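Residue-level structural notes
So you can see what is in the structure, the chains are spelled out below.
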Amino acid sequence: MSIKTCFAIGISAALIAAANLRADDAKTFKVDDEGFIRNWLVLGPISVDQKVSEHNEAACKEFLDKEYFSGQKDLKPSAGDKSTVDGAEMPWQAVEAADFTLDTNKIAQDQSKGTDNVVYLGVAYVVVPNDMPDVRLAIGSDDDSLWRVNGKELIRVYAARAAEKDTDHSEAIALKQGTNLVTFTLINGDGPSGICARFLDKDDKPVTGLAITSAPPK
């Protein structure tokens, strides 16, 4: 075997090993016993105009609709990926809620950043064992928020409030077998901040048996 052939084989083996390592790095979690998603990828806090503390459409719509970085709409990040917002690189962090509510203030505090007048972007990769028609996304948010599933906007909230279970429900949708993308944009004016989300079936029962993966679909 020539040196050139050996080198090519070695490179191929290294690429395969790297790909396998990336696959092994992905972690899988389950929704909790009430169906709540506890594992998210989050970018933020992103500082925005203090007018968001007014919690109305006129003040907050532009910040819920805004693309904070190029390609945001189609991005499927992994933990540790970075996006550039206002000229600064920010990491996507894998975070796990201590209970049904994800405390986004804690994310800011862990970075020694402020918690008032900020936006958080969140992603969850929800793995569904088989097609599930007629389910609804149920969320709570503190404060204003925008929610999409597989790119479709389902819930938009303008309100100053606590994050409580099932405050808002989407229309009935179908989850496809495989990986489904749930995203949120959250605005916090001041005080506590957080989100909670789960799927309910046609009888308003929590959908359990779902997995959450830390890596996007290939």
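So, here is what we can say about the structure in this document. Just so it is clear, the structure is predicted and the values come from calculations on it, not from any experiment.

What follows concerns the side chain of Thr115. Assignment of secondary structure puts Thr115 in the loop between helix 3 (104-110) and strand 7 (118-128). Judged by its relative accessible area of 16%, Thr115 is buried. Once residues within four sequence positions are removed from consideration, Thr115 is found in contact with Asn105, Ala108, Gln109 and Asn188.

Membership of the largest hydrophobic core comes to 34 residues, with the highest contact counts inside it found for Trp40, Leu137, Trp147 and Phe199. Looking at which element gives the most residues to this core, the answer is strand 7, with 5 residues. With residues near it in sequence (within four places) discarded, Phe199 still touches Gly35, Val135, Arg136, Leu137, Val149, Ile173, Leu175, Val182, Lys205, Pro206, Val207 and Leu210. In terms of nonpolar packing, the next biggest core, distinct from the first, is built from 21 residues, Leu64, Val85, Met90 and Leu181 among them.

The next point concerns the environment of Gly151. Here Gly151 shows up in the loop between strand 9 (145-149) and strand 10 (152-157). With 29 residues separating them along the chain, Gly151 and Asn180 place their C-alpha atoms 9.6 Å apart.

Once that is clear, we can look at the pattern of salt bridges. This model, assessed by the stated rule, comprises 12 salt bridges. Between Lys165 and Glu34 there is a salt bridge, with its nearest N and O atoms 3.0 Å apart. Here Lys165 is found in the loop between strand 10 and strand 11 (168-169), whereas its partner Glu34 is found in the loop between strand 1 (28-30) and strand 2 (39-47), with 131 residues between them in sequence. Judged by relative accessible area, which is 36%, Lys165 ranks as partly exposed. Among the ionic pairs, Arg156 bridges to Asp65, the shortest N-O distance being 2.7 Å. Separated by 91 residues along the polypeptide, Arg156 in strand 10 and Asp65 in helix 2 (residues 57-65) bring together distant segments of the chain. Look at the salt bridges and you will find they share partners, linking Lys61, Asp65, Glu153 and Arg156 into a network.

Another aspect to go through is the pairing of strand 10. Direction of pairing for strand 9 relative to strand 10: antiparallel, over a ladder of 5 bridges. Bridge pairing links Val149 to Lys152 in strand 10. Between strand 9 and strand 10, which pair antiparallel and follow one another directly, the connecting turn spans 2 residues, one of which, Asn150, has a positive phi of 50°.

What follows covers the packing of aromatic side chains. Counted by the stated rule, this structure contains 5 aromatic pairs. For the ring pair Trp40 and Phe184, a centre distance of 5.2 Å and an interplane angle of 75° mean the geometry is edge-to-face. Pair noted here: Trp40 is in strand 2 and Phe184 is in strand 13 (residues 178-188), with a separation of 144 residues, a long-range link. A relative accessible area of 2% places Trp40 in the buried class.

What counts, and at which threshold
- Residues numbered from 1 in each chain as written.
- Predicted model: local features only at pLDDT ≥ 70, side-chain atom pairs only at ≥ 80, totals over all residues.
- Heavy atoms only, no water.
- Helix = DSSP H or I, 4+ residues; strand = E, 2+ residues; numbered from the N terminus.
- Buried < 20%, exposed > 50% of the residue type's maximum accessible area, 1.4 Å probe, protein only.
- Contact = heavy atoms within 4.5 Å.
- Core = buried A, V, L, I, M, F, W, Y, C linked by side-chain atoms within 4.5 Å.
- Salt bridge = Lys/Arg side-chain N within 4 Å of Asp/Glu carboxyl O.
- Pairing = 2+ DSSP bridges.
- Phe/Tyr/Trp six-rings, centres within 6.5 Å; stacked < 30°, edge-to-face > 60°.

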